[in-house]
Each structure stands twice: as C-alpha cells, then as structure tokens.
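# Inside the fold
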Amino acid sequence: MTGTTAGQAQAPVQASAPVQAPASAPVQAADPARERLRRWRLVLGGDQADGTGCTLTGRDAAMDGALAALYGKGDKPQAGRERSAGLGGSAPSVARWLGDIRDYFPSSVVQVMQRDAIDRLGLASLLLEPEMLQAVEPDVHLVGTLLSLHKAMPETTRETARAVVRKVVEELEKRLATRTRATLTGALDRSARVQRPRHHDIDWNRTIAANLKHYLPEYRTVVPERLIGYGRAARSVKKEVVLCIDQSGSMAASVVYASVFGAVLASMRSISTRLVVFDTAVVDLTDQLDDPVDVLFGTQLGGGTDINRALAYCQERITRPAETVVVLISDLYEGGIRDEMLKRVAAMKASGVQFVALLALSDEGAPAYDREHAAALAALGAPAFACTPDLFPEVMAAALEKRPLPIPDPA
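Residues numbered from 1 in each chain as written. Predicted model: local features only at pLDDT ≥ 70, side-chain atom pairs only at ≥ 80, totals over all residues. Heavy atoms only, no water.

Attention now goes to the packing of helix α12 (residues 307-316) against helix α13 (residues 338-350). Angle between the axes and distance between the axes: these two values describe a pair of packed helices. Two numbers describe how α12 lies on α13: the axes approach to 8 Å, and their chain directions differ by 30°. Accordingly, the angle class assigned to the pair α12 and α13 is roughly parallel. α13 is crossed by α12, and the crossing has left-handed handedness. Counting all contacts with α12, which are made through I307, N308, L311, A312 and Q315, the residues of α13 involved are E340, M341, R344, V345, A347 and M348. Grouping the amino acids of the contact of α12 with α13 by side-chain chemistry returns seven nonpolar, two polar and two charged. (Axes fitted to C-alpha atoms, helices over the stretch in contact; angles between N-to-C directions. Helix = DSSP H or I, 4+ residues; strand = E, 2+ residues; numbered from the N terminus. Parallel < 35°, antiparallel > 145°, perpendicular 65-115°, else oblique. Left-handed = near helix turned anticlockwise from the far one by under 90°. Contact = heavy atoms within 4.5 Å. Nonpolar A, V, L, I, M, F, W, Y, C, P; charged D, E, K, R; others polar.)

Following this line, the structure appears as structure tokens:
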C-alpha cells in the first residue's frame, strides 16, 4: 500500500482506541516512552510522516495489518513492505479478517470495526452468506443491518441471521427486563393510591407530607390523621401503552431496543401493550410481541415516513385515554401532513393521553432530527428527547404516574 493515510489515523480514535491490545500482546511496560511510540505508530499507520521511527513486529505487526486492511486507502504494497490494504470482495478473506480482529481487539472495538467495514467497504452484501454471519461479533448495529437486508437473504442464510438476532435480543432482555418490570410495577402500584391502607402498604413519605400541619412540638411527632398508601397490585389491566416506532433506516437501533421493551411490557399483566411500526405504511405487530425476534423480522427498515398516518392509526385504537401512554419513537422527519400530525398529538393530550416523544431509543444519543417539529411538540407539552435504554424504564414510570419526565441534560 502507499502508506496509511489519515483515514487510518482516524479509525483507532473512533473505535475507542483499538490499538489497545490484549494482555498477551508484546508490550514493553518497563519503557513508557517506547510504549507511547508503539501506540502512536499503530494510530498513524507507518507513513513516512508518522515521525515515530518505531518498527512493529509479531503480533503488533498483525494488528497493524488488520487496521490497514480497513482504514488504509491504498491497495498496493509499497516496495519492500509486506503490508496490504483492503479486504477485497472475497468472503473467505473477510471472514479471516473478522477472526483476526476478534483475536486482537476487545469486543467493543470489534463491533466498531465491523460497523466501519460495512460502511466503508460496502460489505453488507457479504452478510448474506452464512459463513460470514457465523464469523461476526453480534451487536445491535449488526442486527439493524441484517434487518435491512433480510428481504434479500437467500433461504440458506435466514436461519443463521435469526440465530444472530436472537442472541443479541436475549442479551438485551437479560440486561433490561428485570429492572424494567420492577420499575414499572412500582409505578403502577403508586398510581393506584388508597386512603385506608394496610400497615405494610402505607406510603410514609407522602403520609408525613400530608400531615405536617398536625405536628405536635411537645411530643416532637406528627399525628397522621390521613393515611396514604400504595394500591395493591391487581390482576386487571391498569394501563395501556402504545409504542409507535419509525422504521426508517436511521432508526435501526431504536427499532431493536423498542421491540425488546415491547416484549417486556407485553409480559406484564397489568399493562396492555400495542406495538406499531411505520414508514409510509403502518403495520401492527402486537400479535407477535411474545417473541421480539418475530417482531424485528416483521419490520422493514428504510423507506419514507408518515408520522401523521401512524398516529391516526394509534389514536383510533385508544379506548381509555386517561390510562394510556403513547410513545412515539421517531426523528420527526415527517413526510405526511405536518399540521395534522400536531393536531393529533394535541387532541390525544387533551383527552388525557400521556404522550412521550423520543428522538431515539439507543446508546448513541440523538440522531439528526427535525428541530422545528421537536419544538412544536414541546410547545404542546410533549418535549422530544433522545433516551438511552437504561433510562427508558424511568421515563415510562414517570409517564404511568403522570409526573414530569426525567429528560436528560442535552449537555
């Protein structure tokens, strides 16, 4: 190759410093100055202008080759050099490279490099081959890519793709389900307060606050004339939740997380959950909520966006507005009728619906979004903000209890 360009230099920074090798790598910890040169050499890629004068050997040279294959722009080695750039169009060579980076770098870095390989080298079509899918490190972004490709997958690949998606979904459920159920169960109980509670159902914080005027200084105590307690959990449905999810291509990670949360909510007896995905058409996937993998393969990432049409569908199916939470997950780029969309949101809120607008439900923060529409929703009392999966249970708990949402600080 003709030296590694700035493209390679940027990559380790984006990949959370992928030059950090496992403990087995030959690192001379006794010489910090040499270790710094080694790291800079891996970052800069060995161009004549890198200025390190550091020569890589053994495992470090192999790591450098893996980085150069992805982030180097040349495809011909320089004279006297063994390094090469580019993965070519061969599935076996890509599979070998995927195995190499899993050996050299930690899982979080491997996922970033895989994502970059798909974006920079156009390897999405190779994911249609079962051998490739078995070699990749599964993560949310890979799932999004597979969902966008699944209509074009050959039959021999579909089961492998489902296995990859199921692995990611099961890991997300383990991470998110227990805390979500606990948080929302508490919110549902608190939303049904009673005035004559049993002793173990008394909400002492609210009881004391409500009886402060009955404080007796001489006894240094509060006489609780009115007890406030948590309502006991009932088997009947208390709340209804509608997840309305934009399935345009930019929302891939949000679709994955929303599907997992939808399955968790559907497993709770006291919540009736509806899951609707949309682009310019609307698809109700509620009957598939017992398996989030089926939900995901029922989506079709890409296409346009008609938020108004999706909200119209959801609005028609609300039977208990005062007990309903509608969660719109969208970047708000509306291809339908803007004014009608805003009128529907206003009408739902006026009827008692709790309306939550999430620009994204992912770990990446807010994507590009329509700021004018976000401001218009905020003016209606429905602020739009990006939400991480870890914060989502708290957001839902606040909506169920009809208290202010825990909106994260954009800073």
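Before going further, it helps to spend a moment on α12. Note on helix geometry: an α-helix contains 3.6 residues per turn, so any two residues three or four positions apart are oriented the same way. Of the positions making up α12, those classed as buried are I307, N308, A310, L311, A312 and C314. Of the surrounding elements, those touching the buried residues of α12 are β3 (239-246), β4 (271-278), β5 (282-284), β6 (324-329), α13 and β7 (354-361). (Buried < 20%, exposed > 50% of the residue type's maximum accessible area, 1.4 Å probe, protein only.)

Strand pairing within a sheet occurs via backbone hydrogen bonds; the two strands may be parallel or antiparallel. Reading across from one edge, β5-β4-β3-β6-β7-β8 is the order of the six strands in this open sheet, with mixed pairing throughout. Looking at the sheet topology across the chains shown, the edges are occupied by β5 and β8 (384-387). Within this sheet the neighbouring strands show an average axis-to-axis angle of 25°, counted without direction. In the sheet, β6 pairs with β7 via five bridges, with the strands oriented parallel. Bridge pairing in β7 places V327 opposite V356. Helix-sheet contacts for α12 involve β3, β4, β5, β6 and β7, and the interaxial angle to β4 is about 155°. (Pairing = 2+ DSSP bridges.)

Looking now at the pattern of salt bridges. When charged atoms on two side chains of opposite charge get close, those side chains can pair. The final tally for this structure, using the stated rule, is 16 salt bridges. R317 is the partner of E316 in a salt bridge, and the nearest nitrogen-oxygen pair spans 3.3 Å. Take E316: its relative accessible area is 61%, and that puts it in the exposed class. Overall, R317 belongs to the partly exposed group, its relative accessible area being 32%. Where salt bridges share partners, they join E35, R38, R39 and D60 into one cluster. (Salt bridge = Lys/Arg side-chain N within 4 Å of Asp/Glu carboxyl O.)

Here we take up the side chain of T305. Of note, T305 is situated in the loop between α11 (292-297) and α12. Its relative accessible area of 11% is what places T305 among the buried residues.

Here we come to the environment of D339. Within the secondary structure, D339 is located in helix α13. Residues D339 and A376 lie 37 residues apart in sequence; the distance between their C-alpha atoms is 10.0 Å.

What follows concerns the packing of helix α7 (residues 140-149) against helix α10 (residues 252-266). One can describe the packing of α7 onto α10 by two numbers: an axis separation of 8 Å at closest approach and a directional angle of 100°. With respect to each other, α7 and α10 are oriented roughly perpendicular. Of α10, the residues touching α7 (which contributes V140, V143, G144 and L147) are A252, A253, V256 and Y257. Across the contact of α7 with α10, the residue classes break down as seven nonpolar, one polar and no charged.

Let us now look at the nonpolar core. In this structure, W97, F105, M113, L127, L146, V327 and F392 are the most contacted members of the largest nonpolar core, which totals 80 residues. Among the elements that line this core, the one with the most residues is helix α8 (residues 155-190), at 10 residues. Counting 26 residues, the second-largest nonpolar core is a separate cluster that includes F278, L328, M341 and L377. (Core = buried A, V, L, I, M, F, W, Y, C linked by side-chain atoms within 4.5 Å.)

What follows deals with the pairing of β4. Burial within β4 is extensive, with six of its eight residues counted as buried. Sheet topology places β3 next to β4; eight bridges connect them, and they run parallel. Bridge assignment links K239 to a residue of β4, and that residue is I271. In this view, the connection linking β3 to its parallel neighbour β4 by way of α10 has right-handed handedness. Between β4 and the antiparallel strand that follows it, β5, lie three residues. (Right-handed = clockwise from strand over helix to strand, strands pointing away.)

Here we come to the confidence of the model for the protein chain. The predicted structure's coordinates, where accompanied by low pLDDT, should not be read in detail. Scored by pLDDT, the protein chain comes out at a mean of 79, with 78% of its residues at no less than 70. Predicted confidence is poor over residues 1-29, with pLDDT under 50, and the contacts of this stretch with residues over four places away or in other chains come to 82 contacts. Here residues 74-85 scores under 50 on pLDDT; set against residues more than four positions off or in separate chains, the count is 31 contacts. (pLDDT = per-residue confidence, 0-100.)

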